[in-house]
Amino acid sequence: MTTDIDTLATALYVRTDDLLKAAPHLAPWRPRVGIAPTLTDAELVTLAVMQALLGFTSEARWLRHARAHLGHLFRYLPRQPGYNKRLRNAADLVKAVIRLLAVDTTLWTDDVWLVDSTPVECGRSRETAQRSDLAGWAQYGYCASHSRFFWGLRLHLVCTLGGLPVAFALTGAKADERTTLLDILDTEPALTAGRPGQILIADRHYYGRDFEHDLADTGVTLLRPARKGEAQRPVAALFKPLRQTIESINQTFKAQLDLERHGGRTPAGVIVRVLQRILALTAAIWHNDHTGQPIKRSLTAYDH
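Presented here is an overview of the structure given in this document. Residue positions are counted from 1 within each chain, in the order its sequence is given. Only residues with pLDDT of at least 70 are given local features in this predicted model, and only at 80 or more are side-chain atom pairs given and counted; all residues enter the totals for whole chains, interfaces and linings. To get the side-chain values, all heavy atoms of the structure are used, and hydrogens and water are removed first.

**What to know about the overall build of the protein chain**
So, step 1. By the criteria applied, helices consist of DSSP H or I runs no shorter than four residues and strands consist of E runs no shorter than two, each listed in order from the N terminus. Secondary structure summary: the protein chain contains 11 helices and 6 strands in total.
So, step 2. Throughout, radius of gyration means the C-alpha value; the globule benchmark is 2.2 Å times the number of residues raised to the power 0.38. For a compact globule of 304 residues, the expected C-alpha radius of gyration is about 19 Å, and the protein chain comes in at 20 Å, within 12% of that figure.
So, step 3. Summarising its shape, the C-alpha atoms of the protein chain cover approximately 65 × 50 × 40 Å along the three principal directions.
So, step 4. Categorising residues by exposure relies on relative accessible area from a 1.4 Å probe, with only protein chains included: less than 20% of the type maximum marks a residue as buried, more than 50% marks it as exposed, and the intermediate range marks it as partly exposed. Taking all 304 residues of the protein chain together, the buried fraction comes to 50%.
So, step 5. Pairs at least 24 residues apart make up 66% of the contacts formed inside the protein chain by residues separated by at least 6 positions. Contacts are residue-level and defined by heavy atoms, with any inter-residue pair within 4.5 Å sufficient.

Rendered as structure tokens:
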């Protein structure tokens, strides 16, 4: 019996395989002379997405489950060290597939974006903070939404109202949200080049005359709540429900895709595990969009 996640996996595999045939340079580098991998790069990406959607934070447990239940989809499955190494080396391919799927949705052309950052915790003990390979990048920060301190990174996310990731960045916990957003848009000028009148909704931390002027230069109009002492800003009544929308999107990453249980212990490991979850959400939205589902961000059909 074919399940919804089997259907998504098949569609994702075909799309990724087609991408690699059209753009072979996106495949992870490997020597010309050597043994060709039995698990293809398209299968690797598909396997990683299924892991995130099915809620397996342990790669060893995931591969045991896959061997027991997914033999009809994957003729070969690597051991955990090989899977981990190949996934880390495939970060650029994962980013390319995220963009490929996002552009291939009806949500991509939305003229309203949301922006926010959310903590990506990387450890809880002082020993971890001092000895981890992430030390120097990961930092102590404060999450105002949940009134707590944490040690780790921040995921900065620009997305549509439907939750489709448009752009993102992973920074230290203390990185300025405004500077990070401008860096995201400067790195990819094509994102805003063809979007006259693009609206960006943010919280009150995205403020400043120079910041708003720089955003306007990219063609983006910023809407945010007024800060203390400021005059009321336009369409302020919209912000409360839309703030709940971005919180809901962050909660999808944390509660359903286990963002803070990523298990990464090195910069490369954390990066690819965060990308893995962004791709999983994007793939689910892409598949729901193409199959005519009413709620594009729903993962319910794929998490069991």
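After presenting the structure, the write-up continues.
**Description of helix 2 (residues 41–53)**
So, step 1. An ideal rise of 1.5 Å per residue puts 18 Å on 13 residues; helix 2 measures up with 19 Å between its terminal C-alpha atoms.
So, step 2. Taken across its 13 residues, helix 2 has 13 buried, putting it largely inside the fold.
So, step 3. Just beyond helix 2, the residue with positive phi is Gly55, at close to 80°. Take the residue count of a helix, subtract one, and multiply by 1.5 Å to get its expected span.

**Looking at unusual backbone geometry**
So, step 1. You will see that Asp258, though not glycine, has its phi angle at about 55°, which is positive.
So, step 2. Considering the arrangement of structural elements, one finds Asp258 in the loop between helix 10 (239–256) and helix 11 (267–290).

**Section: the packing of helix 4 (residues 80–89) against helix 11**
So, step 1. The contact between helix 4 and helix 11 brings their axes to 9 Å, and the two run at 80°. On the basis of the axis angle, helix 4 is roughly perpendicular to helix 11. Facing Tyr83, Asn84, Leu87 and Arg88 of helix 4, the residues of helix 11 in contact are Ala268, Gly269, Val272, Arg273 and Gln276.
So, step 2. Amino acids outside the nonpolar list (Ala, Val, Leu, Ile, Met, Phe, Trp, Tyr, Cys, Pro) and the charged list (Asp, Glu, Lys, Arg) are all regarded as polar, and Gly is one of them. Its residues placed into classes, the contact of helix 4 with helix 11 shows 4 nonpolar, 3 polar and 2 charged. Every axis corresponds to a line fitted to the C-alpha atoms, with the helix fit spanning only the stretch in contact, and the corresponding angles, defined between N-to-C directions, vary from 0 to 180 degrees. We call two directions roughly parallel when the angle between them is under 35 degrees, roughly antiparallel when it is over 145, roughly perpendicular when it lies between 65 and 115, and oblique otherwise.

**A look at the side chain of Thr46**
So, step 1. Its place among the elements puts Thr46 in helix 2.
So, step 2. In contact with Thr46, other than residues within four places in its own chain, are Ala9, Leu12, Tyr13 and Phe74.

**Some remarks on the environment of Asp6**
So, step 1. Structurally, the position occupied by Asp6 is in helix 1 (residues 4–22).
So, step 2. By relative accessible area, which is 8% here, Asp6 ends up buried.
So, step 3. C-alpha separation for the pair Asp6 and Arg209, spaced 203 residues apart in sequence, amounts to 50 Å.
So, step 4. Nitrogen and oxygen atoms within 3.5 Å of one another constitute a polar contact, given that in protein one can donate a hydrogen and the other can accept it, and given that sequence-neighbouring residues count only through two side-chain atoms. Within the structure, the side chain of Asp6 is placed 3.0 Å from the side chain of His72, a separation counted as a polar contact.

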